[in-house]
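# A structural walkthrough
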Amino acid sequence: MATTWTSNYAGKPSEIMKPVILAAPSLREGLVNVHEGTRYELNIPILTVDEDIVQAYGCDFTDAGTSATVERVITPTRLMTNMKICKAIFFSTWLEDQTGSGSYIDAQIPNEWDTAFQEQAGAQISKVMELNLWQGNLNTGTYVSAYTRFNGLLTVLDGLAGTIKANISAITAANVLAQFRLAQAGMTDPMIGNYDFEYFINTKTAQFYRQAVSNDYNGFEYGNTPELRIDGYKINVATGIPDNFIVIAKRDDLHFGTNLVSDETNLQIVDTSQTLGDQNVRINAVYSGGTTVTNESQIVLSGVNIES
């Protein structure tokens, strides 16, 4: 009897693709806002109100004060993963585990494709989503990103006139504290001393920071502890940020949109042995991603030669 895949599969996004997408480290750690129901586009309204809304008391209703509403839009880019896998590569392990003898006779491949997909292909999708989330299509200063699936947060920030930009030098363990404070110097008055604002850096910069603090203070407080801080501000490690970039922002102002609630995001596993006479399984995953920011006038983007 021919060895066959136990079943073809067409899965809902919540079953496989949702944990794959949300496994991107910055999404998993809650460093940005995730809008899971963004099918085509999402409008994010921003209301600003000035202090002149406060007026002297009176019996009549008198409209006073200045307010404005603008919108930012997330338009997710549709993405897909297509793979063709020969079933024979699984025989030596799956069939031996199933039959105890390694025999191919009357054997079927167990329903373990979902685990294999999440562990292997899923890990790569999560990695690429993380990198595009921050640096997709980034081309500024001395850096050109190799990731171009959709515009990342740094790309959006770089393109907005209101973003606070600060030039820093290439970061090393010897100068990392100075570069942090160059970025911090760009903070406006509402940001100073407001610890809802946080730093966002990559893994290498975080390690430079640990080394610098450990050297200066013999490992006291921040050098050897999981949570990093500088001058009271929390430091977040986002693996998708390129080297030599520092962002200071509120998490509430960093947005990622994807569609995890409709059938447009899906995963299909098709055994083509019965239709094409081969020993292949085809995997097709469809998903999406896009970013935007709000209140960029209170976000600092720091990098090498990014400010002209």
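Preceding this paragraph is the structure being described.
The structure contained in this document is the topic of the report that follows. Owing to the predicted nature of the structure, the values given are computational and were not obtained by experimental measurement.

All chains considered together, the criterion is met by nine salt bridges. Of the charged contacts, one joins Lys18 and Glu36 as a salt bridge, the two residues approaching to 3.2 Å between their closest N and O atoms. Separated by 18 residues along the polypeptide, Lys18 in helix 1 (residues 17-21) and Glu36 in the loop between strand 3 (33-35) and strand 4 (42-49) bring together distant segments of the chain. Note on Glu36: relative accessible area 26%, which makes it partly exposed.

A separate point is the environment of Val286. Turning to its location among the elements, Val286 is positioned in strand 17 (residues 280-293). Its relative accessible area of 12% is what places Val286 among the buried residues. Along the backbone, Val286 and Arg78 are 208 residues apart, and their C-alpha atoms lie at a distance of 7.3 Å.

Now for the packing of aromatic side chains. By the definition in use, this model includes seven aromatic pairs. Their ring planes at 15 degrees and their centres at 5.1 Å tell us that Phe180 and Tyr199 sit as a pair that is stacked. A residue pair is termed long-range when its members are at least 10 positions apart, and Phe180 in helix 7 (residues 176-184) and Tyr199 in strand 11 (residues 198-201) qualify at 19 residues. Of the two residues examined, Phe180 and Tyr199, each falls in the buried class. Ring geometry for Phe180 against Tyr209: centres 5.5 Å apart, planes inclined by 20 degrees, an arrangement best described as stacked.

What follows is about the environment of Ile241. Residue placement: Ile241 occurs in the loop between strand 13 (233-237) and strand 14 (246-249). By relative accessible area, Ile241 is classed as buried at 2%. Residues Ile241 and Leu131, 110 residues apart in the sequence, show an inter-C-alpha distance of 7.0 Å. Beyond its immediate chain neighbours, meaning those up to four positions away, Ile241 contacts Trp134, Gln135, Leu154, Phe200, Ile201 and Asn202.

Cut-offs used in this document
- Residues numbered from 1 in each chain as written.
- Predicted model: local features only at pLDDT ≥ 70, side-chain atom pairs only at ≥ 80, totals over all residues.
- Heavy atoms only, no water.
- Salt bridge = Lys/Arg side-chain N within 4 Å of Asp/Glu carboxyl O.
- Helix = DSSP H or I, 4+ residues; strand = E, 2+ residues; numbered from the N terminus.
- Buried < 20%, exposed > 50% of the residue type's maximum accessible area, 1.4 Å probe, protein only.
- Phe/Tyr/Trp six-rings, centres within 6.5 Å; stacked < 30°, edge-to-face > 60°.
- Contact = heavy atoms within 4.5 Å.

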